[in-house]
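Observations on the three-dimensional arrangement
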Amino acid sequence: MDDRSARAIAFSLWHERSGLGQAPDSFSPASAIASLYLTAGHAMLAQHRNASAALCARCALTHAPSLAAAHHLLGQALAALHRPHAALRSLRAAASLTPHSAAVYRDIGHTLSVVGHMDAAMNTLRLAALVKPGDPAAWVEAGQVYRRAGLPGQAAACLVQAHRLHPNRGDTLVQLGLVLHGEGESVGATACFRMALTIDPCHAPAMRALAEVSGHSIWSRRADPAPPEPAVPASPGGRRLAVPEWAGQPLAGRSLFLWTGGDDEDVVAASRYSDLIRAAGSVIIECGRRHLSLFARSFPRAVIRPRQPDTHAIPWEMVNCDLHASGATVLRRLPSFPPRSSWLYADDRRIADWHGRLAEVGGSRLRVGMAWHGVPGAEPERWGAVLMAPGVTLVSLQPGGGNAEIAAAERRFGVPVHRWRGLDLMENMEQSAALIAALDVVVAPPGPVADLAGALGVPVWCLDPAPVLDRGWSARRPALHPSTRRRFCAHTARHTRDALVRIGQDVRRLTRGAAADA
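Residues numbered from 1 in each chain as written. Predicted model: local features only at pLDDT ≥ 70, side-chain atom pairs only at ≥ 80, totals over all residues. Heavy atoms only, no water.

A word on the overall build of the protein chain
Let me state the cut-off plainly: Strands are runs of DSSP state E lasting at least 2 residues, helices are runs of H or I lasting at least 4, and numbering of each runs from the N terminus. Classification of residues uses two cut-offs on accessible area relative to the type maximum, computed with a 1.4 Å probe and protein chains only: under 20% is buried, over 50% is exposed, and between them is partly exposed. Should any heavy atoms of two residues lie within 4.5 Å, those residues are considered in contact. In these tables, accessible area is a Shrake-Rupley quantity obtained with a 1.4 Å probe, and a residue counts as shielded only by the protein chains included in the view.
Along its length, the protein chain carries 23 helices and 10 strands. Within the protein chain, the proportion of its 518 residues that are buried is 51%. Expressed as a percentage of contacts within the protein chain between residues at least 6 apart in sequence, the contacts between residues at least 24 apart total 62%. For the protein chain, the exposed surface amounts to about 23500 Å²; the carbon and sulfur share of it is 55%.

The following block contains the structure:
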């Protein structure tokens, strides 16, 4: 729906209300038009026409910029469009205009939980409960947030309070039953599901959950076919998901749930996310907490959230794809490697900050990041060909520090290797990504540092310790090499020495080229 259609809807509603085609004199024409846009936007949101609802809210704000309900509607529409950060800005604007609205605080809490800010989400939902203690929706939302955060005791307490406030709501009982079932209390979970069916005999989620817990075919009461058997992906930890696994079928209009087995795999698997997000109707991505903000910035159309301890947090209408266990399916359906220079994007302000720090210690010289653990004969004292190259600023990217090895190399060659106190390269992923994005080249073994540099589009010269005949990294992870990665064989200490000599020569060529360009 374009702006002309939104105006037509508002104009027709205005005619219907006034009856005479003229605005009442009791309020200004601008506020009247804004209220009509707001009515049309709520209708669009109820029909899941989220983009049209957002447009109506923006049109209302052009006529009444301080209309809190329009900011609230815009936040709800943006959240439904999987733009949580933009939604938070609108919802916070609504909260500043109406500080006593429990519904606004509830939506803010839900959106904060989507982006992984669980503590802030809990505090906001507590505020919603204080503003309106008798609102069961706030307690239900708080229970869901506690459940996603892995706090089942608090989740159950919130859901029990919501049930006391609204005892005839089956959804609350289903949520409580799922929490109890996740804690192994199948008797209490079954009682909750049966109570929900007593309230509404056709309550589909309660029927489905009871069938899963008891093992009986209760779902057959409906005309729909029985649900598929839970998929058991072959992943570390043996996670069971009660939703079908993606087998390569078309994703147009489908909802897709993406996840990986471990934090170190998230960055490599993210190379596939853009293609899968483009193919599917909607996407939820579960990743490690340290990647949440980086992924949310890089994939704004997807819902990014931390891994959930309870698999019932996954909607039943979705198909799931474990990118670790389903690698063959992904490779069949997608190109051998995404034709893009990068798929993750660091924060621009942090990159600018690191550019400033690196300029202070090295000026405009070539910036080379280095890591070495796991490669035979790759201690910093063996990097003489690289350390002695003129016009180079060396930065340590070694996880865990390696300060003693760096100090030994600095004493031997008299060249500083820069590192920053307090920077945890593995935990503070945002700062690590910004630092790597500010470098010119990264020399590292296969692993998290090389993967992150490749994902950010930074050239990676990879010291691969795997045998040449095994083709090393590419044999273990086929078709996952970005175009910016070069492989240097480092199977033995002799191979590593030769590789570092070649890298030193290439670094000298780059510095000479940069000097000639200057």
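Overview of the pairing of strand β8 (residues 441-444)
Our working definition: Pairing between two strands is assigned when DSSP locates at least 2 bridges connecting them.
Alternating residues of β8 divide into Val441 and Val443 and Val442 and Ala444, and every residue in both groups is buried. Bridge count for strand β5 (residues 366-370) against β8 is 3 bridges, and the pairing is parallel. In the sheet register, Met370 faces β8, and the bridge partner there is Val443. Alignment of β8 against strand β9 (residues 460-464), held across 3 bridges, turns out to be parallel.

Focus on the nonpolar core
The condition is simple: Only buried Ala, Val, Leu, Ile, Met, Phe, Trp, Tyr and Cys residues count toward a nonpolar core, and they belong to the same one when joined by side-chain atoms within 4.5 Å.
Formed by 52 residues in total, the largest nonpolar core has its most connected members in Leu256, Tyr273, Leu344, Leu397, Val442 and Leu452. Judged by nonpolar contacts, the second largest core, of 39 residues, contains Ala121, Leu178, Ala189 and Val213.

So, the packing of aromatic side chains
To be explicit about the condition: Within 6.5 Å between ring centres, the rings of Phe, Tyr and Trp (the latter by its six-membered ring) count as paired, and their orientation is classed by plane angle as stacked under 30 degrees, edge-to-face over 60, tilted in between. Whether a charge sits over a ring depends on NZ of Lys or CZ of Arg being within 6 Å of the ring centre and within 35 degrees of the ring normal.
The tally for this structure, following the rule as stated, stands at 5 aromatic pairs. Geometrically, the ring pair formed by Phe295 and Phe299 is edge-to-face, given 5.8 Å between the ring centres and 80° between the ring planes. For Phe295, a relative accessible area of 0% translates into the label buried. Judged by centre distance (4.9 Å) and plane angle (85°), the ring pair of Trp354 and Trp420 falls under edge-to-face. Of this pair, Trp354 sits in helix α17 (residues 348-362) while Trp420 is found in the loop between β7 (417-418) and α20 (429-437), placing the two residues 66 residues apart along the sequence. The ring of Trp461 carries Arg486 above its face, with NZ or CZ at 5.1 Å from the centroid.

Let's talk about the packing of helix α8 (residues 136-148) against helix α10 (residues 170-182)
Note the following rule: Inter-axis angles, ranging from 0 to 180 degrees, are taken between N-to-C directions of lines fitted to C-alpha atoms, where helices are fitted over the stretch in contact. Here is the rule for angles: anything less than 35 degrees is roughly parallel, anything more than 145 is roughly antiparallel, 65 through 115 is roughly perpendicular, and the remaining ranges are oblique. Handedness of a crossing follows from how the near helix is turned relative to the far one, being left-handed for an anticlockwise turn of less than a right angle and right-handed for a clockwise one.
Between α8 and α10, whose axes approach to 11 Å, the crossing angle comes to 20°. If you check the angle between α8 and α10, you find them roughly parallel. Relative to α10, α8 is oriented so that their crossing is left-handed. Along its contact with α8, which presents Val140, Gln144 and Arg147, the element α10 presents Thr172, Gln175, Leu178 and Val179.

Re the sheet that holds strand β10 (residues 485-489)
Two strands in a sheet stick together by hydrogen bonds in their backbones, pointing the same way (parallel) or opposite ways (antiparallel). Spatially, 6 strands are ordered β7-β6-β5-β8-β9-β10 in an open sheet, and the strand pairing comes out parallel. Each having just a single partner strand, β7 and β10 make up the two edges of the open sheet. In terms of strand pairing, strand β6 (residues 392-396) meets β7 through 2 bridges, oriented parallel. The residue of β7 that forms the bridge with Val395 is His418. Contacts from helix α21 (residues 448-455) reach β8, β9 and β10, with the element oriented near 155° to β8.

Notes on the environment of Ile406
When you line up the elements, Ile406 lands in helix α19 (residues 403-413). Given the relative accessible area of 1%, Ile406 is considered buried. Remark: the alpha-carbon pair of Ile406 and Pro416, spanning 10 residues in sequence, is separated by 8.6 Å. Aside from chain neighbours lying at most four places away, what touches Ile406 is Trp372, Pro380, Ser396, Gly401, Val417 and Arg419.

Topic: the pattern of salt bridges
Close approach of charged atoms lets side chains of opposite charge pair. Stated precisely, the cut-off is as follows: By definition here, a salt bridge exists when the distance from a side-chain nitrogen of Lys or Arg to a carboxyl oxygen of Asp or Glu is within 4 Å.
Inspection of every chain in the model, using the stated rule, returns 13 salt bridges. Close ionic contact of Asp347 with Arg350 constitutes a salt bridge, the shortest N to O distance being 4.0 Å. In this structure Arg350 comes out as partly exposed when scored by relative accessible area, which is 30%. Between Glu410 and Arg419 there is a salt bridge; the shortest N-O distance is 3.0 Å. On the basis of relative accessibility, which here comes to 21%, the residue Glu410 falls in the partly exposed class. Assessed through its relative accessible area of 35%, Arg419 is described here as partly exposed. Sharing partners across several salt bridges, the network here consists of Arg297, Asp347, Arg349, Arg350 and Glu430.

Some details on the confidence of the model for the protein chain
Rule in force here: pLDDT: the predictor's confidence for each residue, scored from 0 to 100.
With 77% of its residues at a pLDDT of 70 or more, the protein chain has an overall mean of 77. Segment residues 14-27: pLDDT under 50, and 9 contacts once partners within four positions in sequence are set aside and those in other chains are kept. Contacts of residues 217-237 to residues separated by more than four positions or lying in other chains number 41 contacts, the stretch itself having pLDDT below 50.

So, α20
Structurally, the α-helix is built with 3.6 residues per turn, so residues lying three or four positions apart point the same way. The element α20 is extensively covered by neighbouring structure, given that 8 of its 9 residues are classed as buried. Here α20 has its buried residues at Met429, Glu430, Gln431, Ser432, Ala433, Ala434, Leu435 and Ile436. Contacts from the buried residues of α20 go to α15 (292-298), α17, β6, β8 and α21.

Considerations on the packing of helix α4 (residues 68-80) against helix α6 (residues 102-114)
Put simply, the test is: Each residue gets one of three labels, nonpolar for Ala, Val, Leu, Ile, Met, Phe, Trp, Tyr, Cys and Pro, charged for Asp, Glu, Lys and Arg, and polar for the others, Gly among them.
Two elements in contact, α4 and α6, have axes separated by 11 Å at closest approach and are oriented at 25°. Here α4 lies roughly parallel to α6, going by the angle between them. Relative to α6, the crossing made by α4 is left-handed. Each of His72, Gln76 and Ala79 in α4 lies in contact with α6, whose residues at this interface are Ala103, Val104, Asp107 and Thr111. Residues of the contact of α4 with α6, tallied by class, amount to 3 nonpolar, 3 polar and 1 charged.

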